[in-house]
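# Understanding the architecture of this molecule
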Amino acid sequence: MSLAEELLELAVATAREAGRMLVDKRPAGGPDVVHTKSSPTDVVTQMDRAAEQLIIERIRAVRPGDGFLGEEGGTQAGASGVRWVVDPIDGTVNYLYDLPDWAVSIAAEVDGEAVAGVVEIPRRGETCTAVRGGGAHQHTAAGTRELRVNADVPLGRALVSTGFGYEAGRRARQAEVLTGVLPNIRDIRRGGSCCVDLCSLAAGRADAYYERGVQAWDIAAGGLIVREAGGRVEGLHGAAPGPELTIAAGPGTFEALHDLLAPLDPARD
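Definitions and cut-offs
Residues numbered from 1 in each chain as written. Predicted model: local features only at pLDDT ≥ 70, side-chain atom pairs only at ≥ 80, totals over all residues. Heavy atoms only, no water. Helix = DSSP H or I, 4+ residues; strand = E, 2+ residues; numbered from the N terminus. Salt bridge = Lys/Arg side-chain N within 4 Å of Asp/Glu carboxyl O. Buried < 20%, exposed > 50% of the residue type's maximum accessible area, 1.4 Å probe, protein only. UniProt positions renumbered as here; feature names shortened; annotations may be inferred. Contact = heavy atoms within 4.5 Å. Polar contact = N/O pair within 3.5 Å; in protein donor to acceptor, adjacent residues only side chain to side chain. Domains from an automatic or database assignment. Nonpolar A, V, L, I, M, F, W, Y, C, P; charged D, E, K, R; others polar.

Its place among the elements puts Glu-6 in helix 1 (residues 3-24). Separated by 107 residues in sequence, Glu-6 and Glu-113 place their C-alpha atoms 16 Å apart.

Taken as a whole and assessed by the stated rule, the structure comprises 16 salt bridges. The residue Arg-123 makes a salt bridge to Asp-98 at a minimum N-O spacing of 2.7 Å. Taken as a pair, Arg-123 in the loop between strand 7 (113-121) and strand 8 (126-131) and Asp-98 in the loop between helix 3 (92-96) and strand 6 (103-110) lie far apart in primary sequence, 25 residues in all. For Arg-123, a relative accessible area of 39% puts it in the partly exposed group. Arg-212 serves as the salt-bridge partner of Asp-269, at 2.8 Å between the closest nitrogen and oxygen. Here Arg-212 lies in the loop between strand 13 (208-211) and helix 6 (216-228) and Asp-269 lies in the segment after helix 7 (253-261), a separation of 57 residues in the sequence. Connected through salt bridges with shared partners, the residues Arg-170, Arg-212, Glu-244 and Asp-269 form a single ionic network.

Turning to helix 5 (residues 194-202), a few remarks are in order. Across the nine residues that make up helix 5, a large majority, nine, are buried. Residues Cys-194, Cys-195, Val-196, Asp-197, Leu-198, Cys-199, Ser-200, Leu-201 and Ala-202 constitute the buried set of helix 5. Phi for Gly-204, located one or two positions after helix 5, is positive at around 80°.

Once that is clear, we can look at the UniProt feature "binding site: Mg(2+) 2" (unreviewed entry) in the chain. Per the UniProt record, "binding site: Mg(2+) 2" (unreviewed entry) is annotated on Asp-90. If sequence neighbours within four positions are ignored, Asp-90 has contacts with Asp-101, Trp-102, Ala-103, Ser-193, Cys-194, Cys-195, Val-196 and Asp-218. Within the structure, the side chain of Asp-90 is placed 2.8 Å from the side chain of Ser-193, a separation counted as a polar contact.

The subject of this paragraph is the UniProt feature "binding site: Mg(2+) 1" (unreviewed entry) in the chain. UniProt records the feature "binding site: Mg(2+) 1" (unreviewed entry) at Glu-71, Asp-87, Ile-89 and Asp-218, using the numbering of this structure. In summary, the annotated positions, though distributed over 148 residues, converge in three dimensions, the widest C-alpha pair being only 9.6 Å. One can find Glu-71 in the loop between strand 3 (67-70) and strand 4 (74-76). You can see Ile-89 is positioned in strand 5 (residues 82-90). Here Ile-89 falls in the buried class, since its relative accessible area comes to 1%. Once residues lying within four places of it in the same chain are set aside, the contact partners of Ile-89 are Leu-22, Thr-45, Met-47, Asp-48, Glu-71, Tyr-95, Trp-102 and Ala-103.

Time to look at unusual backbone geometry. You will see that Asp-111, though not glycine, has its phi angle at about 50°, which is positive. For Asp-111, the location among the structural elements is in the loop between strand 6 and strand 7. In this model, His-237 sits at a positive phi of 55°, which is unusual for a non-glycine residue. Within the fold, His-237 resides in the loop between strand 14 (232-234) and strand 15 (246-249).

The next subject is the domain arrangement of the chain. According to the domain assignment, the chain contains domain 1 (3-146) and domain 2 (155-264). For domain 1 and domain 2, the distance between their C-alpha centroids amounts to 21 Å. Between domain 1 and domain 2, the contact holds 40 residues from the first and 22 residues from the second. For the interface between domain 1 and domain 2, the tally reads one salt bridge. Taking the shortest distance from any N to any O, the salt bridge between Glu-126 and Arg-205 comes out at 2.7 Å. Our enumeration of links across domain 1 and domain 2 arrives at eight residue pairs in polar contact (both at pLDDT 80 or more). Those elements giving two or more residues to the side of domain 1 that touches domain 2 turn out to be strand 3, strand 5, helix 3, strand 6, strand 7, strand 8 and strand 9 (136-140). Residues that form the side of domain 1 that touches domain 2 fall into these classes: 18 nonpolar, 13 polar and nine charged.

Written as structure tokens, this is what we have:
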């Protein structure tokens, strides 16, 4: 077994345990909001913190020399060359409202490059995984299937996923960009979880995705899954994906969406 496969095995076991905990221990009346981040609607619950603590403890028990980058815990250094990029609940507002589109996202980087990733979507009963150079797969109770993006979908027939920030000014600007996108595509979808959107893209349930404001922990695992499913994940004009802008789609569709977005100045608030 390669190092990447070993890391994926640990990531999958850990993500599934965290997912079960988040389902089983979610308070009947909803989790408590313990603080907010960029705005009053950008929330962190006690379950976000509990899940991230569980993930770090489980991985550290097996690999004590590794580093971590977590949405809640920040950066923790390691000496092994392996860093885990963790989002304990991607789609916290969905989790808060008991909507199904939220996930546990764990990626393992070696020397700064993602080599293994898992997105665990408990309420869908789906686990999406990828190993660099080994393809992307979806695991359900019915079995395992290889994931492939839809390619060469004309924009007029493309179902495009996106998301919005929490700060009012950014949302207003994103709405302006959307008015330039929507007339040129089949339709838009807003699910509320970046990594679930990326897995939907990898599975062919959507044709493209774009969003401003996503962070490393949002896209580390999902981005690898899309790439291993044959898609592209980049920013504008060949830049790396990240907070400025992330675009993901299959070949042909990616280029068309990029060229539609670029003159709309989507990386400006």
